[in-house]
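Structural features, examined
Spelled out, the chains give:
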Amino acid sequence: DPGPRHDIPVIEIAGGLQNRVLSQMFQPVMLQRLEALPSKAARGQTMSTADLFDWAQRSIYGGLSKPGVGPLTPIRRNLQSSYAGMLIHLAVSPTTGTPAGAQALARAKLVELGSTLRAARPSSSMDEESRAHVALLLTRVNQALNAQVTVPVK
């Protein structure tokens, strides 16, 4: 029996690949390894946890900072939503083994993302879907930053 769709869902394929890469880059073991690298190499010779977060943030949301940003493609919107969700998870309910530094960076990146989204929202060159997407992301970020989080004592 054929499925309900008879075409190839390119957006879903791209989203699945993007989500797999994000989850690999930000899994607790990877973050632990990045956190340990400064003790094994001189500063600036290797990637730090902060470098990973900075690079991802710039790559995924950098276009929103530019004046007159146009419509966001569905693939870009899905990537931005996935990354925001990952930041929220890391900041609010991290997986066991996630380093505290990564949790702190995720929260800092959420604060930065909130500023980026507030600045991008008034862009008249965005289409309605893109403006709605930015507004929804901003709501999710604000909810996460205002969440009551129980911090476990080690």
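This write-up is about the structure you can find in this document. These figures come from a predicted structure and were not determined experimentally.

1. Examining the pattern of salt bridges
For the structure shown, the criterion picks out 3 salt bridges. Here Lys109 ties to Asp54 by a salt bridge, and the two come within 2.5 Å at their closest N and O atoms. Linking Lys109 in helix 5 (residues 100-120) with Asp54 in helix 3 (residues 49-61), this pair joins segments that are 55 residues apart in sequence. Glu112 is the partner of Lys109 in a salt bridge, and the nearest nitrogen-oxygen pair spans 3.1 Å. Residue Lys109 and its partner Glu112 are both found in helix 5; the two are separated by 3 residues, about one turn of the helix. Residues joined in a network through salt bridges with shared partners are Asp54, Lys109 and Glu112.

2. Brief notes about the side chain of Thr116
Topologically, Thr116 is positioned in helix 5. Residues contacting Thr116, with those up to four places away along its chain left out, are Tyr61, Leu64 and Ser65.

3. Here we look at the packing of helix 3 against helix 5
For the pair helix 3 and helix 5, the least separation of the axes is 10 Å and the interaxial angle reads 25°. For the element pair helix 3 / helix 5, the angle class is roughly parallel. Handedness of the helix 3/helix 5 crossing: right-handed. Residue-level inspection shows Thr49, Ala50, Phe53, Asp54, Gln57 and Tyr61 of helix 3 in contact with helix 5, the latter providing Ala102, Leu105, Ala106, Lys109, Glu112, Leu113 and Thr116. Its residues placed into classes, the contact of helix 3 with helix 5 shows 7 nonpolar, 3 polar and 3 charged.

4. Considering helix 6 (residues 128-145)
Each α-helix winds once per 3.6 residues, and so residues spaced three or four apart point in a common direction. Spanning 18 residues, helix 6 covers 26 Å between terminal C-alpha atoms, matching the ideal 26 Å at 1.5 Å per step. Listed in full, the buried residues belonging to helix 6 are Ser130, His133, Val134, Leu137, Leu138, Val141, Ala144 and Leu145. For helix 6, the arc enclosing every buried residue in end-on projection is 135°, short of the 170-degree limit, so these residues lie on one face. What points out from helix 6, more than 90 degrees from its buried face, is the exposed set Glu128, Glu129, Leu136 and Gln143.

Criteria and thresholds
- Residues numbered from 1 in each chain as written.
- Predicted model: local features only at pLDDT ≥ 70, side-chain atom pairs only at ≥ 80, totals over all residues.
- Heavy atoms only, no water.
- Salt bridge = Lys/Arg side-chain N within 4 Å of Asp/Glu carboxyl O.
- Helix = DSSP H or I, 4+ residues; strand = E, 2+ residues; numbered from the N terminus.
- Contact = heavy atoms within 4.5 Å.
- Axes fitted to C-alpha atoms, helices over the stretch in contact; angles between N-to-C directions.
- Parallel < 35°, antiparallel > 145°, perpendicular 65-115°, else oblique.
- Left-handed = near helix turned anticlockwise from the far one by under 90°.
- Nonpolar A, V, L, I, M, F, W, Y, C, P; charged D, E, K, R; others polar.
- Expected span 1.5 Å × (residues − 1).
- Buried < 20%, exposed > 50% of the residue type's maximum accessible area, 1.4 Å probe, protein only.
- Arc of directions from axis to C-beta.

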